[in-house]
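# Analysis of the macromolecular model
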Amino acid sequence: MPEPTKKAVSAFIKKPKCQTAEVGATVVFEAETEKADARVRWQRDAKDITASDKYVISAEGNKHSLTINNVAPEDAAGYAIIAGASKVKFELKITEAEGKAPAKTAAKAPAKETPSDAVPPADAPPAAPADASSGAPAEAPAAPSKSGMQKELVLSSTGGNITFVAKVCGESLLKKPTIRWFKGKWMDLASKSGKHLQLKEHYDRNTKIYTFEMHIIAAKANFAGGYRCEVTSRDKFDSCNFELTVHEAQTVEGLDIRAAFRRTYLLMNECTPDNDQLFLLSDHSMVQVSTEPDVDVWEILHNAPPSEYEKIAFQYGITDLRGMLKRLKKMKKEEKKSAAFLKKLDPAYQIEKGHKIKMQIEVANPDAEVKWLKNGQEIQPTGRYIFESIGNKRFLTINNCSLADDAAYTCMVGDEKSFTELFVKEPPVLIVRNLEDQMVMKGERVEFECEVSEEGAQVKWEKDGVELTRDESFKYRFKKDGCKHVLIINEATKEDSGHYRVKTNGGQSLAELLVQEKDLEVYQSIADLTVKAKDQAVFKCEVSDENVKGVWYKNGVEVKADARTHITHIGRIHKLTIDDVRPEDEGDYTFVPEGYAFNLSAKLNFLEVKIDYVPRQDPPKIHLDCMGKTADSTILVVAGNKLRLDVPITGDPAPTVVWTKAEKVRVWHMGVVTDSGGRVHVESTKGHCIFTIEGAERQDEGVYSVIVRNPAGEDTADINVKVVDVPDPPQAPRILSVGEDSCVVQWDPPLFDGGQPVLGYVLERKKKKSYRWMRLNFDPYKETTYEAKRMIEGMAYEMRVYAVNAIGMSRPSAASEPFVPVAPSSEPIGLCVDDISDTTISLKWRTPEKVGSAGIDGYGVEYCKEGSKSDEWIPAFEGLTERTSVIIRDLPTGERMQFRVRAFNVAGPSPPATLPQAITIREIMQRPKIWIPRNLRQTLIKKVGETVNLVIPFQGKPRPKLTWTKNGEPLDPKQVSVRNSDTDSILFIRKTERKDSGVYELQVQIENVEDKASVTIQIVDLPGAPQNLKVADVWGFNVALEWKLPKDNGNCDIIGYTIQKADKKTMEWYTVFEQYRRTNCVVSDLIMGNEYIFRVFSMNMVGLSTEPCLSKDSAYIQKTGIMYKPPSYKDHDFSEAPKFTRPLVNRSVISGYNATLSCSVRGIPKPKITWYKNKMDISNEAKYRMFSEQGVLTLEIRKPCPFDGGVYTCKAVNASGEDTVECKLEVRCKYPASHSTLSESLPFMIYKENVE
């Protein structure tokens, strides 16, 4: 995204304000700066003000004031105060003292404005004087239309120019809006641009406003009518209608330019970021003129500075100053030629981020030095900023442009500047991974995650079209991790449901969030238990939410865990286990889940078994509460759970037990019997026989029989066991129909219901390219047809179904075939009759306003007789047509017929568009009319041999009779071909000749009515040669020639002649004149002693004549005795005093390493160079070496020591003067600090030795 514009920081805390004062008063302007030591300047009309009796300038700390004493009318001007880079402008207005104003005002009062089509009588009284500064329109603006626009009636005279302006606020737009201009209902003016119609547009980066203009130039009477402007940007739309009336121009004596701007009708709408509006501006053209003397206000404004504009408007009674200034801007101003620049910078440059930009200027002086500034700060050469100088050209190269380089740049040469702006275009940020739909429960955390194409990119999050921001409640959090962007919603509520959108400057992604209330479902309830003493009682239940906690109660009293009582919660299963059951454990047990208003209850029954000892034998007895195959006696077991049949038995002696199911027999005798699979266990304890199946399966269902026997007898009992399971998954669902954001899905019930009736179904959907399924319903849906809603049109989806019974939910079905929600389009619009005959009718229409993502496959056209039933529509043709017009043939003549058109797509037909009334099938008489194309209204000029192809459209019904004539005579069919159709006539000449020139007339006749039109064709050829070329006179080095017009001008005007000369010695021809229009000329600058001949070619619009006309006689240039004296010139003085173009630079070097000092100098003659150290000449020192190459001077110091530090001076001297430059050299010791004493004394010791 583009970097926001940086605002300049002002140096002023308090700024002076505009004031109005009377003549003779004293005016004080005050200002305060941020810094107390800031230097300020006061200016008037861009010129500095100096302190005097008239102007008093004072400064105290950071307070500054300007006092103007005894103000006069000439003091009314624009003033300014400057501090550093900040400049504040203000104005002083002068008013006349009371008592003098009324007379002056009355003299300059403007006349009342009148409508453009009427001129008021001469004796009409003038209107009351208007305030010159108000600028209010003469009429109140019209009420806004429904679209938020206003409608205006614009008046103009023939030949006038009109400009319509539409302004669109672009703060909330990601892309440039699209604008279309229409005339009438359908005519798009974009295709009509040309001489009389121009469309322009531009964008203001500061105000973020798009401006679109439509210029009508030299208005004609047929330009009048209704116009419409439409603006669209994605889902936003606005339009405005206006009428244009063009009347004949009326001449009004004394038309004054000032009066034309005193009352200008202006219609303007506010432009706000939330509502894209249009601004329409138009000028009324006829205003009555005042009787003031004729003053050229344009010239006054053209020569006045901008600060004087309001004063001039007040003085001459101009209230529409803005309208005058707009026209004043269009007046061409001659630009002053720059003395320093041959070519300035372009007004603006644009470059993509990361690319290289090269700015170029050309300077007048090749040796001129330039400075480059960025936002007013000088740019230093670095790796990114590269300065180049090649001759007169200067280059600034910026490598790897970033958004920080988006700024204003200035190139300075001396005091002259060249400005430009660099716009760095950031590549669009694309969304690589889209958002995905989510469905959560109330209170859960939601994370929407997307991935963009660039790290650190800016994105915007919206919910239902409203931008999301980080608030104090931290409801929404925005997380950024490289290219990933995450929207986090803490503790989702029902209000958070909706569509969430993430936007970048290169795309967007949409996802839906559904938040559901938590409805706790009970998958397994607790059941009543009957246990015996010392046994274990287990109450078990299963709920849908594994995070839900609960409390167990016995007879209303909370149960606490102890040594015998255990309470467990694992996942969704809650258990209450009671070991070593006692009689006091009997009672009602209840489980209450926390946060929900329901409970689960069951009863614990204590079974007390009393065995009386009887010495005699007792027959065996089976003690069961319920036996048989009834529904009440059936034992249900969930597939996968353990089946445990605990059968109490009695008998003395202890009976033997036999378990049977179908043909399988299990026998218990003094131990435990287990089948080979390891799932079935049969065991016996005292008074009990236990039959156990681990992990019950569907095939374990059936009737189990237990038989007990002892010598005293036997007993038998049947136990009906039913294994229940979740149902099988349903078959893959079928999509019956789709809508704009919905679909109807159907499926078949599962083949096996799991032993329990199916309670309903749960549906899920997902986007085709996603992996996340979203549940559509939480409560089981009982029907097998469901309408899914809230889908995105044009997005591919898949559906799947779960079956639910009392045991649980089945596995999901296979996914449906992918489908795309689409809706039928709206009805076609603008259905009308284009043409009609006795048996045919031509209909046309426009595309529906609402098409949808599915597009349109075609259109179906139907018809029926008036009064027929609604189901008697007859298709006009088989299949569909993609065109928006159709011709229906073979209709009964004279019948009244109804017609309708429907648009078809994959979702079906749209509502029909019908004609408002029935149409009678009968041809309508149409007068003949010839439409001459614009280019044929003037003479058609063709060259000999070219092709002529004239297409003349006409109208008329029935088909008219067409007749072509040339100059009143019939055409020659051998030379001219004619082909006629129902709508046009074509005249064709394959290869034109001169004789084809003439007036061709076309006559179109229907019975006694006719129309005629003519076309003038002119066939042109090369002209003939001029005649009678002769030498009229010879004098000095000049020859006078004369000739006559050619006999054949090629059927067009002669536009000039080409005159050539040739020396008789060489006979080489040289052109003297081209396109020379006269028939006589003087050839000058001929060479003395040579003899010349001449020839002339004639020229017309086709070209030069093939043959020239040669002069019959020649011209000899006589020699004369004139001696040539060469002129004397004064030698130019190129001497120049020495001047250092690059100074020496202070340096710090390390002892023991060679060091160099460099500078550059120029001067003519070559200056003598002398080097000094501490003002001592070192030219003869062996330690130093001096170099000079192309003006670059170098001093090399061999292995310097700290003693060599000091001030070095370079002096350049020649005959014109001298120049010096100096620098400081510091020599640092290369040894550590511990050796500093030795290193500091060493130079002194060496110096001492040299002295001794």
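Residues numbered from 1 in each chain as written. Predicted model: local features only at pLDDT ≥ 70, side-chain atom pairs only at ≥ 80, totals over all residues. Heavy atoms only, no water.

If you check an unreviewed UniProt entry, the protein chain appears there as Myosin binding protein C, cardiac from Pygocentrus nattereri. According to UniProt, the comment filed for the protein chain under the heading Sequence similarities (unreviewed entry) is "Belongs to the immunoglobulin superfamily. MyBP family." (UniProt positions renumbered as here; feature names shortened; annotations may be inferred.)

Moving on, we get to the overall build of the protein chain. When its secondary structure is counted, the protein chain shows 6 helices and 95 strands. Sequence separation of 24 or more characterises 63% of the internal contacts of the protein chain that already satisfy a separation of 6 or more. As presented, the protein chain carries roughly 74000 Å² of accessible surface, and 50% of it is formed by carbon and sulfur atoms. (Helix = DSSP H or I, 4+ residues; strand = E, 2+ residues; numbered from the N terminus. Contact = heavy atoms within 4.5 Å. Areas by Shrake-Rupley, 256 points an atom, 1.4 Å probe, with all protein chains shown as cover.)

Quick look at the sheet that holds strand β7 (residues 63-68) now. Across the sheet, which stays open at both edges, the 4 strands sit in the order β1-β3-β7-β6 with antiparallel pairing between neighbours. Because the sheet does not close on itself, it has two edges, and the strands there are β1 (12-14) and β6 (55-60). Pairwise comparison of adjacent strand axes, ignoring direction, gives a mean angle of 25° for this sheet. (Pairing = 2+ DSSP bridges. Axes fitted to C-alpha atoms, helices over the stretch in contact; angles between N-to-C directions.)

With that settled, consider the pairing of strand β35 (residues 507-516). One ladder, built from 4 bridges, connects strand β28 (residues 438-441) with β35; its direction is parallel. Paired with M439 across the bridge in β35 is L514. As defined by bridge partners, strand β34 (residues 498-504) adjoins β35 across 7 bridges and the pair is classed as antiparallel. Each residue of the ladder has a partner; that of R501, found in β35, is L510. Once β34 ends, the chain turns through 2 residues before running back antiparallel as β35.

Time to look at the nonpolar core. Core analysis: the biggest nonpolar cluster contains 23 residues, and M359, L396, I398, Y409 and L422 have the highest contact counts within it. Contributions of two or more residues to this core are made by β19 (348-352), β20 (357-363), β24 (393-398), β25 (407-413) and β26 (416-425). Among residues more than four places away in sequence, those in contact with I398 are H355, K356, I357, M359, R384, Y385, D405, Y409 and L422. Core analysis: the second largest hydrophobic core is formed by 22 residues, F164, A219, C240 and V246 among them. (Core = buried A, V, L, I, M, F, W, Y, C linked by side-chain atoms within 4.5 Å. Buried < 20%, exposed > 50% of the residue type's maximum accessible area, 1.4 Å probe, protein only.)

Let us now look at unusual backbone geometry. The amide bond that connects K957 to the next residue, P958, takes the cis arrangement and shows omega of -10°. Here P958 lies in the loop between β72 (948-957) and β73 (961-966). Not every positive phi belongs to a glycine, and Q1075 is a case in point at roughly 55°. With respect to the helices, strands and loops of the structure, Q1075 is situated in strand β82 (residues 1069-1076). A relative accessible area of 52% places Q1075 in the exposed class.

The 5 strands are arranged β88-β95-β94-β90-β91 in an open sheet whose pairing can be described as mixed. The strands lining the two open edges of the sheet, one partner per strand, are β88 (1147-1150) and β91 (1176-1177).

Here the structure, examined in full by the defined rule, presents 20 aromatic pairs. Ring centres of F29 and F90 lie 4.6 Å apart, and the angle between their planes is 40°; this geometry places the pair in the tilted category. In this pair, F29 is assigned in strand β3 (residues 27-33) and F90 in strand β9 (residues 86-95), connecting sequence segments 61 residues apart. By the burial criterion, F29 is buried, and F90 matches it. An aromatic cluster is present here, built from F29, W42, Y79 and F90 joined pairwise through their rings. Between the NZ or CZ atom of K929 and the centre of the ring of W931, over which it lies, the distance is 5.7 Å. Sitting over the ring of F1203, K1173 keeps its end group 4.5 Å from the ring centre. (Phe/Tyr/Trp six-rings, centres within 6.5 Å; stacked < 30°, edge-to-face > 60°. Lys NZ or Arg CZ within 6 Å of the ring centre and 35° of its normal.)

What follows concerns the pattern of salt bridges. Per the counting criterion, the structure on display carries 49 salt bridges. With its nearest N and O atoms 3.7 Å apart, the salt bridge here joins R44 to D75. Residue R44 is located in strand β4 (residues 40-44), and its partner D75 is located in the loop between β7 and β8 (78-83); the two are separated by 31 residues in the primary sequence. Under the relative-accessibility criterion, R44 is labelled partly exposed at 22%. Where E449 meets R433, a salt bridge forms, and the shortest distance between an N and an O atom there is 2.5 Å. (Salt bridge = Lys/Arg side-chain N within 4 Å of Asp/Glu carboxyl O.)

Following the sequence through the fold, E872 ends up in the loop between β63 (858-865) and β64 (874-875). Considered as a pair, E872 and E862 are 10 residues apart in the sequence and their alpha carbons are 9.6 Å apart. Those residues within four positions of E872 in sequence are excluded, and the remaining contacts are Y863 and C864.

Time to look at the state of the cysteines. Evaluated as defined, the whole model comprises 0 disulfides. Take C229: it sits in no disulfide, and the sulfur closest to it among the cysteines is that of C240, at 7.0 Å. With relative accessibility at 0%, the residue C229 sits in the buried group. The cysteine C1159 is free of any disulfide, with C1210 supplying the nearest cysteine sulfur at 4.2 Å. Exposure remark for C1159: the relative accessible area of 2% places this residue in the buried category. (Disulfide = S-S within 2.5 Å.)

Before going further, it helps to spend a moment on the confidence of the model for the protein chain. Across the protein chain, the average pLDDT comes to 80, with 83% of residues at or above 70. Within the model, the stretch residues 250-294 combines pLDDT values under 50 with 130 contacts to residues more than four positions away or in other chains. (pLDDT = per-residue confidence, 0-100.)

Counting buried positions over the 10 residues of strand β84 (residues 1091-1100) gives 9, a clear majority of the element. Taken together, the 2 bridges between β84 and strand β86 (residues 1115-1116) define a ladder with antiparallel strand orientation. Within β86, the position partnered with Y1092 by the bridge is A1115. Alignment of β84 against strand β85 (residues 1109-1110), held across 2 bridges, turns out to be antiparallel. When the sheet's bridge partners are listed, V1096 is paired in β85 with C1109.

Once that is clear, we can look at a positive patch on the surface. On the surface, K195, K220, R934 and R937 cluster together into a patch of positive charge. Counting through the fold element by element, K220 comes out in the loop between β15 (209-216) and β16 (225-233). Of the residues examined, K220 reaches a relative accessible area of 35% and is grouped as partly exposed. (Patch = residues over 30% accessible without salt bridge, like charges linked within 9 Å, V, L, I, M, F, W, Y side chains within 5 Å. Lys, Arg positive; Asp, Glu negative; His and termini not counted. Charge placed at Lys NZ, Arg CZ, Asp CG, Glu CD.)

Quick look at the side chain of R228 now. Along the chain, R228 turns up in strand β16. On the basis of relative accessible area, R228 is assigned to the buried category, the value being 17%. Engagement of the side chain of R228 in a polar contact is seen with the side chain of E230, the distance being 2.8 Å. (Polar contact = N/O pair within 3.5 Å; in protein donor to acceptor, adjacent residues only side chain to side chain.)

Within the secondary structure layout, E421 lies in strand β26. Taking C-alpha positions, E421 is 9.4 Å from L345, a pair spaced 76 residues apart along the chain. The contacts of E421, once residues within four sequence positions are left out, are P347, A348, Y349, A407 and A408.

Now for the side chain of D1063. Here D1063 shows up in strand β81 (residues 1054-1063). Although D1063 is buried, it forms no salt bridge, and the closest oppositely charged side chain is K1065 at an N-O distance of 5.2 Å. Of note is the side chain of D1063, whose polar atom sits 3.3 Å from the side chain of N1090. Beyond its immediate stretch of four places on either side in the chain, D1063 contacts E1068, N1090, E1091 and Y1092.

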